[in-house]
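Structural overview for review
Listed below are the residues making up each chain.
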Amino acid sequence: MNPYVRERINRKLETLSDERLYQVLDYVEFLESKYGERPAPVPNVFQKFTDGVEDTLRAGGLAAGTVVEAVGFLNKAMGVLNNVAQTTKTVATDVVSTARTVADQIGAPPPAAPPAPPGTAPVPPAEPPPGQSPPAPPPSAPA
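Bear in mind that the values here come from a model prediction, so they are computed numbers and not experimental data. (Residues numbered from 1 in each chain as written. Predicted model: local features only at pLDDT ≥ 70, side-chain atom pairs only at ≥ 80, totals over all residues. Heavy atoms only, no water.)

1. Looking at the overall build of the chain
For the record, the criterion: Numbering of helices and strands starts at the N terminus; helices are DSSP runs of H or I of at least 4 residues and strands are runs of E of at least 2. Residue burial is assigned from relative accessible area. The probe radius is 1.4 Å, only protein chains are included, and a residue is buried under 20% of its type maximum, exposed over 50%, and partly exposed in between. A contact between two residues is defined here by any heavy atoms of the two lying within 4.5 Å.
Scanning the chain from N- to C-terminus turns up 4 helices and 0 strands. Going residue by residue from the N terminus, the α and β elements of the chain occur as α-α-α-α. When each of the 143 residues of the chain is scored for burial, the buried share is 6%. Sequence-distant contacts, at least 24 apart, represent 62% of the contacts inside the chain between residues at least 6 apart.

2. Concerning a nonpolar patch on the surface
What counts here: Patch definition: residues with relative accessible area over 30% and no salt bridge; like charges joined within 9 Å; nonpolar side chains (Val, Leu, Ile, Met, Phe, Trp, Tyr) joined within 5 Å. Only the protein chains shown count as covering a residue, and every accessible area follows the Shrake-Rupley method with a 1.4 Å probe. In the sections that follow, a salt bridge refers to a side-chain nitrogen of Lys or Arg positioned within 4 Å of a carboxyl oxygen of Asp or Glu.
Among the surface-exposed residues, Tyr27, Phe30 and Tyr35 lie close enough to one another that they form a single nonpolar patch of about 380 Å² accessible area. Looking at the secondary structure, you find Tyr27 in helix 2 (residues 18-35).

3. Digging into the environment of Asp51
Tracing the backbone through its elements, the reader meets Asp51 in helix 3 (residues 45-59). For the pair formed by Asp51 and Leu74, sequence separation is 23 residues and the distance between their alpha carbons is 10.0 Å.

4. Some thoughts on the layout of surface pockets
Keep this limit in mind: Here a cavity denotes a set of grid points, spaced 1 Å apart and computed over the protein atoms alone, in which a 1.4 Å probe fits but from which it cannot get out, and a pocket denotes an open set meeting protein on both sides within 12 Å along at least five of seven lines; residues with an atom within 4 Å of a point are reported as lining. Grid points are joined across faces, edges and corners, and a volume is the space filled by probe spheres set on the points. For this classification, Asp, Glu, Lys and Arg are treated as charged, while Ala, Val, Leu, Ile, Met, Phe, Trp, Tyr, Cys and Pro are nonpolar and the rest, including Gly, are polar.
Volume-wise, the largest pocket comes out at about 1400 Å³. Lining the largest pocket are 35 residues; nearest its centre among them are Met1, Leu25, Val28, Glu29 and Glu32. Elements with a minimum of two residues in the lining of the largest pocket: helix 1 (3-13), helix 2, helix 3 and helix 4 (64-106). Of the residues forming the lining of the largest pocket, the biggest block, 9 residues, is contributed by helix 2. Across the lining of the largest pocket, the residue classes tally to 18 nonpolar, 9 polar and 8 charged.

5. Here's the deal with the packing of helix 2 against helix 4
Relative orientation and spacing of two packed helices are given, respectively, by the angle between their axes and the distance between those axes. Inclusion rule: For every element, the axis is a line fit to its C-alpha atoms; helices are fit only across the contacting stretch, and the angle between N-to-C directions ranges from 0 to 180 degrees. To sort the angles, those under 35 degrees are grouped as roughly parallel, those over 145 as roughly antiparallel, those from 65 to 115 as roughly perpendicular, and the leftovers as oblique.
Where helix 2 contacts helix 4, the two axes come as close as 8 Å, and the packing angle between them is 75°. The angle between the axes of helix 2 and helix 4 places the two elements in the roughly perpendicular class. Contacts between helix 2 and helix 4 pair Asp18, Glu19 and Tyr22 from the former with Ala64, Gly65, Val67 and Val68 from the latter. Classifying every residue of the contact of helix 2 with helix 4 by side-chain character gives 4 nonpolar, 1 polar and 2 charged.

6. Quick look at the side chain of Glu54
How we decide: Charge counting follows a simple rule: Lys and Arg are positive, Asp and Glu are negative, and His as well as the terminal groups are ignored.
Topologically, Glu54 is positioned in helix 3. For the buried Glu54, no salt bridge exists, and the shortest N-O distance to an oppositely charged side chain is 5.7 Å, to Arg58. Not counting chain neighbours up to four residues away, the residues in contact with Glu54 comprise Tyr22, Val67 and Val71.

7. Some points on the confidence of the model for the chain
The condition that has to hold: Known as pLDDT, the predictor's per-residue confidence is scaled from 0 to 100.
When pLDDT is averaged along the chain, the result is 82, and 76% of the positions lie at 70 or above. For the chain, the element scoring lowest by mean pLDDT is helix 3, at 85; helix 1 scores highest, at 94.

8. Some words on the environment of Asp18
By secondary structure assignment, the location of Asp18 is in helix 2. You can call Asp18 partly exposed: its relative accessible area is 33%. Asp18 sits 45 residues away from Ala63 along the chain, and the two C-alpha atoms are 9.2 Å apart. Apart from residues lying up to four places away in sequence, Asp18 is in contact with Ala64, Gly65 and Val68.

9. Description of helix 4
Short version of the rule: For a helix, the expected span equals 1.5 Å multiplied by the residue count minus one.
The terminal C-alpha atoms of helix 4 lie 62 Å apart, and with 43 residues this matches the ideal 63 Å at 1.5 Å per residue to within 8%. Here helix 4 has its buried residues at Ala64, Val67, Val71, Leu74 and Met78. On its buried face, helix 4 is in contact with helix 2 and helix 3. Remark: Gly107 follows helix 4 within two positions and exhibits a positive phi of approximately 75°.

This is the structure:
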């Protein structure tokens, strides 16, 4: 989008009431559905939820100011949830990184390979570490 046109539209929008802004939003969504040249960016789960609540409140006939307040609270809550999710992801990444570092330092063996899918050749067992003898094969059953 042309940044100069975007700025000009934003200046014009600043002068309108919330009720008129919702009319502008409805018109923009109509134009998008008829003449959109590319798909709109996919909103995240929180945005979809907020948009759904906002549309429901508007359909219920609530005053635009009330809808704006409710959506403002939702956006603040969504911001907090996004921060919690990001922090959790960072902590999990740090835990995994630390666990790998510790495992490397103590010489722990790498995790076992997953089983081969049906119909593929089995993977030969890994060589034993130096100084250790391979495990004895299981005794064969009498015939």
